[in-house]
There are 2 protein chains.
Amino acid sequence: MLKKPLHQVAGHQASEGQLGPLIDDSGHFYKPLQSDERGSNELAFYTSLSSNTRIPDHICRFFPVFYGTQLLEASDGSGLHPHLVLQDLVSGHLNPDSGSPEKKLIQKFSAKDVRLALRKFVSSNAAIDSASDLDCSFASVVYGGSNGILAQLLELKAWFEDQTIFHFYSCSVLLLYEKELALKGRSSGAEVKLIDFAHVVEGRGIIDHNFLGGLCSLIKFISEIHTTPGEYTNKACLQEAEKNQFCSENGINE
Amino acid sequence: MLKKPLHQVAGHQASEGQLGPLIDDSGHFYKPLQSDERGSNELAFYTSLSSNTRIPDHICRFFPVFYGTQLLEASDGSGLHPHLVLQDLVSGHLNPDSGSPEKKLIQKFSAKDVRLALRKFVSSNAAIDSASDLDCSFASVVYGGSNGILAQLLELKAWFEDQTIFHFYSCSVLLLYEKELALKGRSSGAEVKLIDFAHVVEGRGIIDHNFLGGLCSLIKFISEIHTTPGEYTNKACLQEAEKNQFCSENGINE
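It should be emphasised that the depicted structure is a prediction, and the values quoted were computed from it without experimental measurement.

Caption draft 1: Representation of the pattern of salt bridges in the model. Residues and elements named next belong to chain A. This structure, assessed with the given rule, holds 22 salt bridges over all chains. Residue Asp36 is joined to Arg38 by a salt bridge in which the shortest nitrogen-to-oxygen separation is 3.1 Å. Looking at Asp36, the relative accessible area reads 36%, which means it is partly exposed. For Arg38, a relative accessible area of 33% translates into the label partly exposed. Note that Arg204 is salt-bridged to Glu202, the shortest N-O span being 3.9 Å. Taking the relative accessible area as the measure of exposure, Glu202 reaches 12% and is therefore buried.

Structure, rendered in structure tokens:
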């Protein structure tokens, strides 16, 4: 019994006339294989990942489990279409009462936007407008601790400092936790996952500086919030000023 | 009195029929302005850097001092040509007896090559063929210590974790030290400099993940040598195997 996911973090939403992912009740996520080279590339990556013995187990857990491919009736009713069968990352987490906060981060967000998103993500009053009033009350149970997001990101970073197997262009980092547990001040079941591998290429012996740098930056931003959750810095504003200065020096008007 | 530099680390060597840099006896390095947008881009960068008050002094020291531009007879005798007037990074260091070891690192070297270059750079027997016999005898005085290369790279990394003013595409990291001092086991006058800014672009509020990741990786490699200078790991060989595995899974034969 397949259905369209309520919470969807990877790829396009399934909708009328558009091919989207499906889920079942057993924790599987069916992602339509893109028909161009992005599809074959993503399949090649998952195949390589699941058979490559050089990737340690503690790193494999950062990726969705891959169960193979399956021909399924497409979500738009257009007939049979090949799907990647993946672990549904949200299914284990979803709590019908409070929902499961999740944040998908990609590398091209501005530093200002990422800082704000990371503060909202762990705030019990995330709906408010004023960034400086965000309480960041879940920062310690979500970001901190030996199983928290910071610890997981540091583990991932250590691997990226060494691995030259893959370059993860346009890959996303997904952060998840259980709000119900965080509200009780308990270990929040926080998870870091990498998703979207349509643009992964071979590393050819070279470190993936771009992704490694994204991780370093994410770790820095989260460390700041974890260390001083109540302190909202004016860095974003300063950086706007810096930008304007550089633009004007180059004679660029925007 | 201008002459062609003996030691040249930035740009192309001056030679017959080719425009190259010049130096004088006062520690200036004259870099011919490239005639296309790379030239105007590099000039815009140096101008912005020297006037941008958001860049702290302890970061400015990682860049060559910029003295402006000057029309000079070109090194190939083709007439007057505009030159960037920069600090000659090598002039203060050069020791006629032992030379001044220097290493220019760019991001597209393989991890294996960078590891080897960083070991050779601090070895008194750098001329030998076998990588495993390199003694890395200068590792502690060049890489270590409060003024060593590791400390400087960590300072630079802290800035790159925050700054969104510039993105340093195709920029190089130059490492220098005084061999004479290193041989005596004294503080080695080690320096980290950034050079080659023809492809720097505005950061537009976004962290320069690519360069930040290059720094993280460099710090990791140097830390390994500093911690265990005598230990030559088999990582490079393992990574070759990983590469072959990924290639064969994708049906690529090289």
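Once you've had a look at it, read on.
Caption draft 2: Seen up close, helix H7 (residues 209-227) of chain B. Across its 19 residues, H7(B) extends 26 Å between first and last C-alpha, which sits within 8% of the 27 Å expected from 1.5 Å per residue. Taking burial as the measure, the 19 residues of H7(B) include 16 buried ones, the bulk of the element.

Caption draft 3: Broad picture of the state of the cysteines. For the structure on display, the rule yields one disulfide over all chains. Covalent S-S linkage joins Cys216(A) and Cys216(B), the inter-sulfur distance amounting to 2.4 Å. Note that Cys216(A) is positioned in helix H7 (residues 209-227) and Cys216(B) in helix H7, a pairing that runs across two chains.

Caption draft 4: Fine view of the packing of aromatic side chains. Applying the stated criterion across every chain, the model contains 36 aromatic pairs over all chains. With centroids separated by 6.2 Å and ring planes inclined at 70°, the aromatic side chains of Phe168(B) and Phe197(B) adopt a geometry described as edge-to-face. On the criterion of sequence distance, the pair formed by Phe168(B) in strand S6 (residues 166-168) and Phe197(B) in the loop between strand S8 (191-195) and strand S9 (200-202) is long-range, its members being 29 residues apart. Judged by relative accessible area, Phe197(B) falls into the buried class, the value being 0%. Ring-pair connections join several aromatic residues into one group, and the members of that group are Phe45(A), Tyr46(A), Phe63(A), Phe66(A), Trp159(A), Phe160(A), Phe166(A), Phe168(A), Phe197(A) and Phe211(A). The ring centre of Phe62(A) lies 4.7 Å from the NZ or CZ of Arg61(A), which sits over that ring.

Caption draft 5: View of the environment of Gly203(B). Structurally, the position occupied by Gly203(B) is in the loop between S9 and H7. Remark: the alpha-carbon pair of Gly203(B) and Ile165(B), spanning 38 residues in sequence, is separated by 4.6 Å.

Caption draft 6: Quick look at the sheet that holds strand S4 (residues 80-87) of chain B. All names here are of chain B. Strand order across the open sheet formed by four strands is S1-S2-S4-S3, with antiparallel pairing between neighbours. Each edge of the open sheet is held by one strand with a lone partner, namely strand S1 (22-23) and strand S3 (66-73). The pairing of strand S2 (residues 28-32) with S4 spans five bridges and is antiparallel. From the neighbouring strand, Phe29 faces S4, where its bridge partner is Leu86. Here helix H1 (residues 37-51) sits on the sheet and contacts S2, S3 and S4; the angle it forms with S3, its principal contact strand, is near 145°.

Caption draft 7: Region of the structure containing helix H5 (residues 149-160) of chain A. Here H5(A) is 12 residues long and its end C-alpha atoms lie 16 Å apart, about the 16 Å a rise of 1.5 Å per residue gives. Looking only at H5(A), the buried set comprises Ile149(A), Leu150(A), Gln152(A), Leu153(A), Leu156(A), Lys157(A), Trp159(A) and Phe160(A).

Caption draft 8: Layout of the environment of Ser26(A). Among the structural elements, Ser26(A) can be located in the loop between strand S1 (22-23) and strand S2 (28-32). In this structure, the C-alpha to C-alpha distance between Ser26(A) and Asp88(A), residues 62 residues apart in sequence, is 8.7 Å.

Cut-off values and rules
Residues numbered from 1 in each chain as written. Chains lettered and ligands numbered in written order. Predicted model: local features only at pLDDT ≥ 70, side-chain atom pairs only at ≥ 80, totals over all residues. Heavy atoms only, no water. Salt bridge = Lys/Arg side-chain N within 4 Å of Asp/Glu carboxyl O. Buried < 20%, exposed > 50% of the residue type's maximum accessible area, 1.4 Å probe, protein only. Helix = DSSP H or I, 4+ residues; strand = E, 2+ residues; numbered from the N terminus. Expected span 1.5 Å × (residues − 1). Disulfide = S-S within 2.5 Å. Phe/Tyr/Trp six-rings, centres within 6.5 Å; stacked < 30°, edge-to-face > 60°. Lys NZ or Arg CZ within 6 Å of the ring centre and 35° of its normal. Pairing = 2+ DSSP bridges. Contact = heavy atoms within 4.5 Å. Axes fitted to C-alpha atoms, helices over the stretch in contact; angles between N-to-C directions.

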